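Structural features, examined
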Amino acid sequence: MKANDCFGEFVRYASFNVLGMIGLSCYILADTFFVAQGLGINGLTALNLAIPVYSLIHGSGLMIGIGGGTQYAIEKNRDSNQSTDAIFTNALYFAAFLAVFFVIAGLFFDRELAALLGADARVLSMTATYIRVLLLFAPAFLLNNVLLCFVRNDGAPQRSMAAMLIGSLSNVILDYILIFPCQLGIFGAVLATGLAPIISMLILSPHFIYKYNQFHVIPCKWSGKIWKNIFSGGMPSLITELSSGLVILIFNGILLSLQGNTGVAAYGVVANLSLVVVAIYTGIAQGIQPILSSHYGGNRLQNVASIFRYALISMVVFSVLIYAVVYFAASPIAAAFNSQQNALLQTIAVQGLKLYFIACPFVGLNVIISVYFTSTAYARPAHMISLLRGFFIIIPMAFFLANLAGIAGVWCAFPATEGLVALAAAGFYVVAKKNSAATTSQESLPRPNLAPGRRR
């Protein structure tokens with residue numbers, strides 16, 4: 001495949017997926033806006049406290065979808081139909097297994113989870129309601145993410161994009177209807193969010209109804225090997241989402257001690273906008289995953305390098321534009337979510353937007369390079385990147401900088417962490433390239449002629 005063909009393929013997959021992921025991220029952003037307008041600071045606080053649960057559900061679905069989709073794309077390129085069907089079927093088994101746990105948690109442990117996440121008496125009921133409904137809709141979230149990833153890897157990125165966008169648009173519309181005309185409050189906000197993946201799957205359904213799909217459910221037993229491969233390939237996506245939820249959880253706790261519920265509400269503005277920004281990078285990464293896996297499976301390594309380069313260039317361009325918009329429009333952005341015109345919330349949120357989003361290029365590099373590693377069957381560096389940014393650095397960094405500089409330190413913890421991890425990721429990439437070059441060099445050496453009469 002020529003370089004121009006690679007670029008066209010990159011644009012086709014990445015652009016569709018970026019648009020779809022932006023739409024998908026509007027689940028929570030729409031909730032944030034309408035909850036802020038309809039329920040004020042307490043509603044915004046309850047929503048932000050519940051976001052880690054959404055991150056866990058969404059991350060689990062992405063883990064199965066990305067992990068399974070990567071294996072599917074590699075095997076499909078090797079013309080192994082039976083294997084691809086087994087991968088899809090086992091992905092569904094995996095999703096069903098996790099769905100059972102989520103639903104049980106929603107039925108019996110919603111208030112305990114709300115209290116664990118930091119909800120006080122003023123927001124406990126609203127937070128528990130949001131968590132309960134999210135968990136009860138977990139099967140729909142999981143299945144939707146699996147189908148989106150497999151359909152994308154099945155050569156239909158446009159349909160995946162359409163499903164994500166229409167599902168998210170329906171969430172925005174339902175948010176308004178259920179919160180304002182129907183007066184359902186926080187329950188209306190989360191019900192709209194829960195119905196969106198169902199609508200998304202309806203948009204995907206023609207891919208199966210008209211038998212465009214090259215993957216099928218087959219009668220087979222669950223396979224520990226396939227589950228392991230799905231988990232290994234998808235774990236960076238899961239950790240990325242979990243790290244977002246963990247960062248929110250830790251920052252919520254620190255901000256509660258520094259500024260109470262107003263601090264958490266201000267962070268809700270920053271964190272929810274960051275979901276949209278991260279979704280852009282995730283969209284680029286998930287967009288290149290099918291074509292990286294396909295070219296890697298076909299041993300077209302030059303194309304793999306070209307597509308990865310296009311992704312990094314796109315990331316840098318988006319990062320510059322995003323930070324410019326956030327920096328210069330920080331005040332009106334914060335005001336849009338500050339329905340009660342709380343001066344303290346406005347001040348904290350504006351400062352947070354300007355400091356927190358310094359992380360943009362580092363986040364973009366970390367997300368894209370993680371998917372690059374997993375798409376080329378080199379998952380260990382991706383796991384290390386995800387663990388560093390999600391657990392090992394961000395937690396001590398948040399507490400250290402909060403003690404050093406208060407709220408400003410909290411905001412700076414995120415870019416500081418992502419910057420350090422980006423340095424490590426670049427190091428992993430250099431080492432991987434050197435190892436790959438050494439392996440290629442060894443394979444290209446002429447073999448000694450050991451024909452009879454020529455042996456030494």
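Right above here is the structure, for reference.
Below: a short report on this structure. (Residues numbered from 1 in each chain as written. Predicted model: local features only at pLDDT ≥ 70, side-chain atom pairs only at ≥ 80, totals over all residues. Heavy atoms only, no water.)

Thoughts on the pattern of salt bridges
What counts, and what does not: Counted as salt bridges are all cases of a side-chain nitrogen of Lys or Arg within 4 Å of a carboxyl oxygen of Asp or Glu. Only DSSP runs of H or I covering at least 4 residues are called helices, and only runs of E covering at least 2 are called strands; the numbering of each starts at the N terminus. Each residue is assigned to one of three classes by its accessible area relative to the maximum for its type, calculated with a 1.4 Å probe on protein chains only: buried under 20%, partly exposed between the two thresholds, exposed over 50%.
A complete count under the given rule lists three salt bridges for this structure. Ionic pairing is found between Asp110 and Arg132, a salt bridge with its closest N-O pair at 2.7 Å. One end of the pair, Asp110, is in helix α3 (residues 110-116); the other, Arg132, is in helix α4 (residues 124-136), and 22 residues separate them in sequence. One salt bridge connects Asp120 with Arg122, and the closest N-O pair in it is separated by 3.1 Å. Overall, the relative accessible area of 26% leaves Asp120 in the partly exposed class.

Here we look at the packing of α4 against helix α5 (residues 138-153)
As a reminder, the rule being used: Angles shown run from 0 to 180 degrees and are taken between the N-to-C directions of axes, each axis being a line fitted to C-alpha atoms and, for helices, limited to the stretch in contact. To sort the angles, those under 35 degrees are grouped as roughly parallel, those over 145 as roughly antiparallel, those from 65 to 115 as roughly perpendicular, and the leftovers as oblique. Contacts were defined at the residue level, with two residues in contact if any of their heavy atoms lie within 4.5 Å. Any residue outside Ala, Val, Leu, Ile, Met, Phe, Trp, Tyr, Cys, Pro, Asp, Glu, Lys and Arg is labelled polar, Gly included; the first ten of those are nonpolar and the last four are charged.
Here α4 crosses α5 at 50°, and the two axes come no closer than 4 Å. One finds that α4 runs oblique with respect to α5. Contacts between α4 and α5 involve Leu134, Leu135 and Leu136 from the former and Ala138, Pro139 and Phe141 from the latter. Looking at the contact of α4 with α5 residue by residue, the classes come out as six nonpolar, no polar and no charged.

Topic: the packing of aromatic side chains
What counts here: Ring geometry is summarised as follows: Phe, Tyr and Trp rings, the Trp one being its six-membered ring, pair when their centres sit within 6.5 Å, and such pairs are stacked at plane angles under 30 degrees, edge-to-face over 60 and tilted between the two.
One pass over the structure, following the stated rule, counts 30 aromatic pairs. Centroid distance Tyr267 to Trp411: 5.8 Å. Interplanar angle 40°. Geometry classified as tilted. A residue pair is termed long-range when its members are at least 10 positions apart, and Tyr267 in helix α9 (residues 224-297) and Trp411 in helix α15 (residues 394-444) qualify at 144 residues. Across this residue pair, the class does not change: Tyr267 and Trp411 are buried.

Quick word on helix α7 (residues 185-204)
To keep things clear, this is the line we draw: How far a helix is expected to stretch is found by multiplying one less than its residue total by 1.5 Å.
Here α7 spans 30 Å end to end across 20 residues, near enough to the 28 Å set by a 1.5 Å rise per residue. Counting buried positions along α7 gives 14 out of 20 residues, so the element sits mostly inside the fold.

Here's the deal with unusual backbone geometry
Phi is mostly negative for residues that are not glycine, and the peptide bonds are mostly trans. Despite not being glycine, Gln183 has its phi angle at roughly 55°, a positive value. Counting through the fold element by element, Gln183 comes out in the loop between α6 (157-179) and α7. In this structure, Lys211 takes a positive phi of about 60° despite not being glycine. Within the secondary structure, Lys211 sits in the loop between α8 (206-209) and α9. The class for Lys211 is exposed, based on a relative accessible area of 68%.

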